[in-house]
Amino acid sequence: MAVQTESEPQTVGELIRFWRTQRRLTQMELALDANLSTKHLSFVETGRSRPSRQLLVHLAQHLDLPIAERNRLLLAGGFAPLYLEQPYDGEVMQHVRESLSRLLEAYEPNPALIVDGLWNLIESNRAASLLWDGVDPELLEPAINMLRLGVHPGGLPRISSMTAACNAPLIHRLKRRSREDADRALAKLIEEVESYLPGEPPTSPATQPVVSLRLQTPLGQVELFTVIATLGAPLDVTAANLAIETFLPMNPESAARLAELSARPHLSEASTAKAAGE
């Protein structure tokens, strides 16, 4: 999640000034919040003073930087990064990966999956193959993007009652995050998927507590709603960007139908492996 601007900030001072501006803080506001003198902060931003590691960690916390940017700030200051940055399939992530795999299995017969910070599919349980059974095959080319799958006419709208508008709350949250974190890759994805959203927000009053979708399955429709969870206290850049999305039955009839579907051969390992890009 590297910061991208017309003039890419590189030095400690440039990075602090960029993020202070991004957070819409004046030097005085940040200095007061971080219990620093305005003069000291000014000297750090202009390069006249070399900040300590402790000060950089302190400022990163008060600026609420993404952990990848906290690492970048420390590296720019000549210090070792504070957080790990390991691949999901690497050795360091093995225990987390195994636990999350068990979590996905525990959600059976409900569809559940793991996505990265750009909503690319990383892993899924067998039941999740219901979510792409019948969608446009082009959308299943690795890496599968679940946000795109949820709004593209050939994706979930093709096999369920879901419309692009159903994903509007999530898309708007991610758009806000892309601005706050200066995440250019996420902003580019949001720009693409926003083109599928309706021009006007819905005006009719809500009739149920959460948005649900009626998914077409070989046994008929099941009505689902989603729960999205993240890791509580990540110390790794990859882990910080993971999200677990679970599709839960909206009613007892849907729960029973999911249980019956879980034993059917169409939920094959091959289908799940293809969808996960293995």
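Refer to the structure printed above.
Since we're looking at a predicted model, the values are computed, not measured.

Draft legend 1. Representation of the packing of aromatic side chains. Counted according to the given criterion, the structure contains 1 aromatic pair. For the pair phenylalanine 18 and tryptophan 19, a centre-to-centre distance of 5.3 Å together with 85 degrees between the ring planes defines the contact as edge-to-face. Take tryptophan 19: its relative accessible area is 1%, and that puts it in the buried class. Over the ring of phenylalanine 43 we find arginine 48, and its NZ or CZ is 4.1 Å from the ring centre.

Draft legend 2. The environment of leucine 73, seen in detail. Locating leucine 73 in the fold gives a position in helix 5 (residues 67-76). Ignoring sequence-local partners within four residues, the contact set of leucine 73 consists of Val12, Leu15, Ile16, Leu56, Ala60 and Leu65.

Draft legend 3. Representation of the layout of surface pockets. Its volume calculated, the second largest pocket comes out at about 530 Å³. As for the second largest pocket, its lining consists of 23 residues, of which Arg177, Asp181, Thr230, Ala240 and Asn241 are closest to the centre. When residues in the lining of the second largest pocket are grouped by element, the largest group, 6 residues, is from helix 9 (residues 168-180). Residue composition of the lining of the second largest pocket, grouped by class: 13 nonpolar, 2 polar and 8 charged.

Draft legend 4. Examining empty space enclosed by the protein more closely. Scanning the model with the defined rule gives 1 cavity of 30 Å³ or more in all. One number sums up the size of the largest cavity: a volume of about 40 Å³. Elements with a contribution of two residues or more to the lining of the largest cavity: helix 4 (53-62) and helix 5. For the lining of the largest cavity, a count of residues per class yields 5 nonpolar, no polar and 1 charged.

Draft legend 5. Seen up close, the sheet that holds strand 2 (residues 121-124). In space, the 5 strands of this open sheet follow the order 2-1-5-4-3, with antiparallel pairing throughout. Each having just a single partner strand, strand 2 and strand 3 (213-217) make up the two edges of the open sheet. The mean angle between the axes of side-by-side strands here comes to 35 degrees, regardless of whether they run parallel or antiparallel. For strand 3 and strand 4 (residues 220-230), the ladder comprises 5 bridges, and the chain directions are antiparallel.

Draft legend 6. Examining the nonpolar core more closely. By size, the foremost hydrophobic cluster in this structure holds 37 residues, and its most contacted members are Leu113, Trp119, Leu131, Trp132, Met146, Leu147 and Leu215. The residues contacting tryptophan 119, other than those within four sequence positions of it, are Ile144, Asn145, Met146, Leu147, Leu170, Leu174, Ile228, Ala243 and Glu245.

Draft legend 7. Fine view of the pattern of salt bridges. Considering all chains together, one arrives at 4 salt bridges under this definition. Measuring nitrogen to oxygen at the nearest pair gives 3.8 Å for the salt bridge that ties arginine 72 to glutamate 69. Highlighted residues: arginine 72 and glutamate 69, both in helix 5, separated by 3 residues, approximately one helical turn. Like arginine 72, the residue glutamate 69 is buried in the burial classification. Among the ionic pairs, arginine 148 bridges to glutamate 192, the shortest N-O distance being 2.7 Å. With arginine 148 in helix 7 (residues 146-151) and glutamate 192 in helix 10 (residues 184-194), this pair connects stretches of sequence that are 44 residues apart. Judged by relative accessible area, arginine 148 falls into the partly exposed class, the value being 23%.

Draft legend 8. Seen up close, the packing of helix 9 against helix 10. Relative to each other, helix 9 and helix 10 sit at 150 degrees, their axes nearing to 9 Å. When the axis of helix 9 is compared with that of helix 10, the two are roughly antiparallel. The way helix 9 lies across helix 10 gives a crossing that is left-handed. In this structure, helix 9 uses Ile171, Leu174, Lys175, Arg177 and Ser178 to contact helix 10, whose residues at the interface are Leu186, Ala187, Ile190, Val193 and Glu194.

Draft legend 9. Expanded view of a positive patch on the surface. Taken together, Arg24, Arg173, Arg176 and Arg179 make up a surface patch of like positive charges. One can find arginine 179 in helix 9.

Draft legend 10. Layout of the packing of helix 4 against helix 5. Remark: helix 4 packs on helix 5, axes separated minimally by 10 Å, with the N-to-C direction vectors making an angle of 150 degrees. It follows from the interaxial angle that helix 4 and helix 5 lie roughly antiparallel. Two packed elements cross with a definite hand, and for helix 4 against helix 5 that hand is right-handed. Every residue of helix 5 that contacts helix 4 at Arg53, Leu56, Val57, Ala60 and Gln61 is listed here: Arg70, Leu73 and Leu74. Split into classes, the residues belonging to the contact of helix 4 with helix 5 amount to 5 nonpolar, 1 polar and 2 charged.

Thresholds applied
Residues numbered from 1 in each chain as written. Predicted model: local features only at pLDDT ≥ 70, side-chain atom pairs only at ≥ 80, totals over all residues. Heavy atoms only, no water. Phe/Tyr/Trp six-rings, centres within 6.5 Å; stacked < 30°, edge-to-face > 60°. Buried < 20%, exposed > 50% of the residue type's maximum accessible area, 1.4 Å probe, protein only. Lys NZ or Arg CZ within 6 Å of the ring centre and 35° of its normal. Helix = DSSP H or I, 4+ residues; strand = E, 2+ residues; numbered from the N terminus. Contact = heavy atoms within 4.5 Å. 1 Å grid on protein atoms, 1.4 Å probe; cavity = no way out; pocket = protein on both sides within 12 Å on 5 of 7 lines; lining within 4 Å. Points joined across faces, edges and corners; volume = space filled by probe spheres on them. Nonpolar A, V, L, I, M, F, W, Y, C, P; charged D, E, K, R; others polar. Pairing = 2+ DSSP bridges. Axes fitted to C-alpha atoms, helices over the stretch in contact; angles between N-to-C directions. Core = buried A, V, L, I, M, F, W, Y, C linked by side-chain atoms within 4.5 Å. Salt bridge = Lys/Arg side-chain N within 4 Å of Asp/Glu carboxyl O. Parallel < 35°, antiparallel > 145°, perpendicular 65-115°, else oblique. Left-handed = near helix turned anticlockwise from the far one by under 90°. Patch = residues over 30% accessible without salt bridge, like charges linked within 9 Å, V, L, I, M, F, W, Y side chains within 5 Å. Areas by Shrake-Rupley, 256 points an atom, 1.4 Å probe, with all protein chains shown as cover. Lys, Arg positive; Asp, Glu negative; His and termini not counted. Charge placed at Lys NZ, Arg CZ, Asp CG, Glu CD.

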